[in-house]
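# Observations on chain architecture
Now for the letters of each chain:
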Amino acid sequence: MKRPGLKKASKRVSCSKRYKIQKKVREHNRKLKKEAKKKGVGKKVKKDIGVPNKAPFKEDILREAEQRRLKLEEEKGKKKLAKQQERAQKRKKENAASSDGDTKVKKARKELPSQEDLVKQMVKQSDPRNSKKHFCSELNKVIDASDVIIEVLDARDPLGCRCPQLEEAVLKRGGNKKLLFLLNKIDLVPKENVEKWLQCLQLEFPAVVFKASTQLQDKTVQEKKARFATLNGVVDQTKGVACYGSSCLLQLLGDYANGTGREGSVKVGLVGFPNVGKSSLINSLKGMRACNAGVQRGITRCFQDVHISKNVKMIDSPGVVAAQSNPKAAMALRSLQVEDKQETVLEAVRTLLKQCNKQQVMLQYNVPDFRNSLEFLSFFAKKRGFLQKGGVPNTELAASTFLNDWTGAKLSYHCKAPEKPSLPTYLSEDIVTEMQKGWDLDKLRKSNEETLRSVKFPNQASSIVLLSKGPTAGVLSDSDVVEDKPAQGPTEEEEEMEGSCANQEADGVEEVSDADETDEPQIKTPVTKEPAKVRFQVPVPVNIDLSSVQTNDAYDFNTDFK
């Protein structure tokens, strides 16, 4: 019974009850002993006394017993070995019979894609918005409908984000169209590098520095956060939420609209390669998630206009289609080959690692020294915890994460600006002066300096240096578009050669460099190697006659305590 004031009930019982329990336990144990005695469980096994010492011929008896025991063990081992051989023969016959069928099944599995891949391919083929011709037509619509065209450039590689065909097409269009440069993602590049690129770009067209916000939500979510912020008096100034350069760009476009004296709003078209930040730029200027944006490339598929203010209207466009004549490094960063399954993620990572310094990559991702891209991805997967069953590193997931870091707004890398910039062939001094008319360049320069002072830039030592391949060629006309076929998996011969070539690749690559890769496609001729010959050393005769050896067993006391 639980007494008041105590947490647990008392275990005390009366003496009569305790004695009854003890008596029942004794009776129960007595009963168990009787049953065990009847069954003979409790009887001890008598120990074998062996051969008595007084018995005659004791040694002979023990020797015979030992021989009998060894003979039995030998027969037992022979039977076991015979059974193992029979099982091995049966297994060989079964494997030989099923090997032909297995190879046919494996070939069929490789040739036939999975159901999910078939469904995705059918959806892509049925949707006309996923074709490159559709992207080109939508981009031409944006150029025709816009009064001012802003070419968005990634500040980490501004020259690689420029498309000469796009700039030339804008200059040839009539209607007094203006072209601007916008350096986005400046928070991922050292300040000195941004200033040098800004000076180079301003020699051709007016340039604006910008840092877009990457954490904008819908309007309802933003209103709730704004209420809590006003109540608590806290303003969110984190790296992803903050936006710099929006006031400069809006003031520049507003002054241009007022100076031209147009009745309606100025239509501003945003063009550029995939994942340079066109949709994020519109969301930052609008202050809400008006356009769909993300890390994945090629999210924007069609023409989309957004009203920013009374006299400014932005037009979002899909990314420029990269031509197939570009080098592999430019295609890995600017094209949609990985998303369209025309190139594997591992190949894209391999080409990117060739363009940068290995020591800087090791410091940035905190991985040990690696010999090739596959070894780097295995280290990177273990570091991030991308492991499969049995602790095997998931290299595909690691490669996609690595590629998203380079194309998204996360990794800090930069390209060196040219020391002596020159105008391209399609530009002249007259065209440059014509494009700079109507803009307040002094106000633009002051606004850019103010933006550069407010942004927090990374250190020069913590940023990876990338070798830029120059401007990336693009395709604008529908007739020049070539629809690529999806990348095929490796054949049986390639899979067999992969294991033998892995060691050669690991031994030959000491530093990740781009000495062998060129901009123009090369025709690789098959090289036939002669089989390596094994050479054995000729045995040298050694004299091991002990009679010729002079030994001296005397101990030398001078060797001690030197």
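Named according to an unreviewed UniProt entry, the chain is Guanine nucleotide-binding protein-like 3 originating from Coregonus suidteri. Note on the chain: under the UniProt heading Subcellular location (unreviewed entry), the record states "Nucleus, Nucleolus".

Time to look at the packing of helix α14 (residues 373–384) against helix α15 (residues 395–407). Relative to each other, α14 and α15 sit at 90°, their axes nearing to 9 Å. What the angle tells us is that α14 and α15 run roughly perpendicular. Counting all contacts with α14, which are made through Leu374, Phe376, Leu377, Ser378, Phe380, Ala381 and Arg384, the residues of α15 involved are Thr395, Ala398, Ala399, Thr401, Phe402 and Asp405.

According to the stated counting rule, one finds four cavities of 30 Å³ or more in the structure shown. Considered as a void within the structure, the largest cavity measures approximately 120 Å³ in volume. What lines the largest cavity is a set of 15 residues, and nearest its centre among them are Lys132, Val321, Ala322, Ser335 and Leu336. For the lining of the largest cavity, the elements supplying multiple residues, two or more each, are α4 (132–145), β7 (321–322) and α11 (328–334). Per-class residue counts for the lining of the largest cavity are seven nonpolar, five polar and three charged. In this structure, the second largest cavity spans a volume of roughly 90 Å³. In terms of residue class, the lining of the second largest cavity is built from six nonpolar, five polar and three charged.

The end-to-end C-alpha distance of helix α7 (residues 191–202), which contains 12 residues, comes to 17 Å, matching closely the 16 Å that a straight helix rising 1.5 Å per residue would cover. Restricting attention to buried positions, one finds in α7 the residues Asn193, Val194, Trp197, Leu198, Cys200 and Leu201. Taken end-on, α7 shows its buried residues confined to a sector of 165°, consistent with a single buried face. Those residues of α7 that are exposed and aimed more than 90 degrees away from the buried face are Lys196 and Gln199.

In terms of strand pairing, strand β5 (residues 304–307) meets strand β6 (residues 312–316) through four bridges, oriented antiparallel. Within β6, the position partnered with glutamine 304 by the bridge is aspartate 316. Connecting β5 to the next strand, β6, in antiparallel fashion are four residues.

For the rest of this paragraph, the subject is the sheet that holds β5. Taken together, six strands build an open sheet; the order of strands is β3-β2-β1-β4-β6-β5 and the sheet is mixed. The sheet is open, and its two edges are formed by β3 (207–209) and β5, each paired on a single side. Adjacent strand axes in the sheet meet at a mean angle of 25° when their direction is disregarded. Two strands pair when backbone bridges link them, and strand β2 (residues 178–184) and β3 are joined in this way by three bridges, in the parallel orientation. Of the residues in β3, the one forming a bridge with leucine 183 is valine 209. Seen against the sheet, α7 touches β1 (148–154), β2 and β3 and runs at an angle of roughly 160° to β3.

A few words on the side chain of aspartate 316. Note that aspartate 316 resides in strand β6. Notably, aspartate 316 is buried but unbridged: the nearest opposite-charge side chain belongs to lysine 278, and the N-O separation is 5.7 Å. Among residues more than four places away in sequence, those in contact with aspartate 316 are Val142, Lys278, Ser279, Ile282, Cys291, Thr300, Cys302, Phe303 and Gln304.

Definitions and limits used
Residues numbered from 1 in each chain as written. Predicted model: local features only at pLDDT ≥ 70, side-chain atom pairs only at ≥ 80, totals over all residues. Heavy atoms only, no water. UniProt positions renumbered as here; feature names shortened; annotations may be inferred. Axes fitted to C-alpha atoms, helices over the stretch in contact; angles between N-to-C directions. Helix = DSSP H or I, 4+ residues; strand = E, 2+ residues; numbered from the N terminus. Parallel < 35°, antiparallel > 145°, perpendicular 65-115°, else oblique. Contact = heavy atoms within 4.5 Å. 1 Å grid on protein atoms, 1.4 Å probe; cavity = no way out; pocket = protein on both sides within 12 Å on 5 of 7 lines; lining within 4 Å. Points joined across faces, edges and corners; volume = space filled by probe spheres on them. Nonpolar A, V, L, I, M, F, W, Y, C, P; charged D, E, K, R; others polar. Expected span 1.5 Å × (residues − 1). Buried < 20%, exposed > 50% of the residue type's maximum accessible area, 1.4 Å probe, protein only. Arc of directions from axis to C-beta. Pairing = 2+ DSSP bridges. Lys, Arg positive; Asp, Glu negative; His and termini not counted. Salt bridge = Lys/Arg side-chain N within 4 Å of Asp/Glu carboxyl O.

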